[in-house]
Amino acid sequence: MPSLSRVILAIAGLVTLAAIFLPPAPTGARKAVRPFLVYYGGIPRPGTQAQAAALARRMRGYPVVVLGLVPSAPAFAERVRRLLPHTVIYGYADMGHVTFAHVAARLRLLRRVGLDGVLLDEVGTGLSSRPAALRRIVLLAQRDGLRVMLNAWDPRDTLNLPLRPGRDAVLCENWVYSGGAWAEPRTAAVYAALRTLERRGVLVFMIVTTSGVPSRTAPPLSGISATARAVFGNYLALSDPVYSADNDAIFPGQKLGRELSRLSF
């Protein structure tokens, strides 16, 4: 007979796996998950039209792209924007240890180069830890015609924001699979807040990261599937932990789309 301690450890292990793979997801019609790309890669020099066209070709297949190079190369970002007219492109803005003026200037820049939205990062820290400041930033982005995507480690921080159904979004970064390994399971309260946002029509973006550049021949299908089932979002990105910041790699959007189309809920 196994000892009581071994039985308890086995039960705890099963509970942990269930928390990873089987958090409650909404029921109803089949969920379609589409690919999106987070790209913090370097800026080609001198940033010619031909270089912009080469980057845009690698991004085709992604209906949504987060482009991190805008502040360093706005003219190059504008070229990429024009070459991808049917792609929804977000810029990036930190909301942690910055000032409101810094965020406002970033929003103006993103709008000036013709982007569609902004990924607001570090929600719940620094400047964005103050609910009034967070709300003010969201309203300013919306007034400027930008879609809003909020990277909130705890989605409860976003529940009282005026997020627009089918337009604004929350980002669930590495909730299930992170850096090539299973992440610490999120709590029931976190998933309950996410379900509330989903019922309101807020879009949900998910990220899966590998330890290095994702293999084109052997992507982490178990991590992709478990993330999609647990978070039950609308879009999923596959990347290395720093989103191409040190390698400029882009996993093919068409291939990720094919893998996502095979999911069944």
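Quick caveat, the model's predicted, so the values are computed rather than measured.

Enquirer: Is there a simple way to explain the side chain of E198 in this structure?
Expert: Residue placement: E198 occurs in helix α6 (residues 188-199). Within the structure, E198 has its side chain in polar contact with the side chain of R195 (distance 3.0 Å).

Enquirer: So what exactly am I meant to see when it comes to the pairing of strand β2 (residues 64-67) here?
Expert: Sheet faces and side chains relate simply in a regular strand, where the side chains alternate between the two faces. Along β2, one buried face is formed by V64 and V66 and the opposite face, lined by V65 and L67, is buried too. Where strand β1 (residues 34-39) and β2 come together, four bridges link them in parallel fashion. The residue bridging V38 from the neighbouring strand is V66, located in β2. Crossover β1 to β2 through helix α2 (residues 49-59) is right-handed. Note: β2 against strand β3 (residues 88-94), three bridges, orientation parallel. By the bridge assignment, V66 is partnered in β3 with Y90. Each parallel crossover has a hand, and the one from β2 via helix α3 (residues 74-83) to β3 is right-handed.

Enquirer: Looking at this structure, I do not really get the side chain of S128. What am I missing?
Expert: The residue S128 is located in the loop between β4 (117-123) and α5 (131-143) in this model. Those residues in contact with S128 that lie beyond four places of it in its chain are M95, E122, V123 and L134.

Enquirer: I'm lost on the packing of aromatic side chains in this one. Help?
Expert: Centre-to-centre distance and the angle between the planes together describe a pair of aromatic rings. Counted by the stated rule, this structure contains seven aromatic pairs. The interplanar angle of 70° and the centroid separation of 6.3 Å between the aromatic rings of Y90 and F205 together place this pair among those described as edge-to-face. A residue pair is termed long-range when its members are at least 10 positions apart, and Y90 in strand β3 and F205 in strand β9 (residues 203-209) qualify at 115 residues. The buried category is assigned to Y90, whose relative accessible area is 1%. For F205, a relative accessible area of 1% gives the class buried. Put simply, the rings of F36, Y90, F205 and Y235 pair up and form one aromatic cluster. Here the guanidinium or amino end of R186 rests over the ring plane of W153, the centre of that ring lying 3.8 Å away.

Analysis parameters
- Residues numbered from 1 in each chain as written.
- Predicted model: local features only at pLDDT ≥ 70, side-chain atom pairs only at ≥ 80, totals over all residues.
- Heavy atoms only, no water.
- Helix = DSSP H or I, 4+ residues; strand = E, 2+ residues; numbered from the N terminus.
- Polar contact = N/O pair within 3.5 Å; in protein donor to acceptor, adjacent residues only side chain to side chain.
- Buried < 20%, exposed > 50% of the residue type's maximum accessible area, 1.4 Å probe, protein only.
- Pairing = 2+ DSSP bridges.
- Right-handed = clockwise from strand over helix to strand, strands pointing away.
- Contact = heavy atoms within 4.5 Å.
- Phe/Tyr/Trp six-rings, centres within 6.5 Å; stacked < 30°, edge-to-face > 60°.
- Lys NZ or Arg CZ within 6 Å of the ring centre and 35° of its normal.

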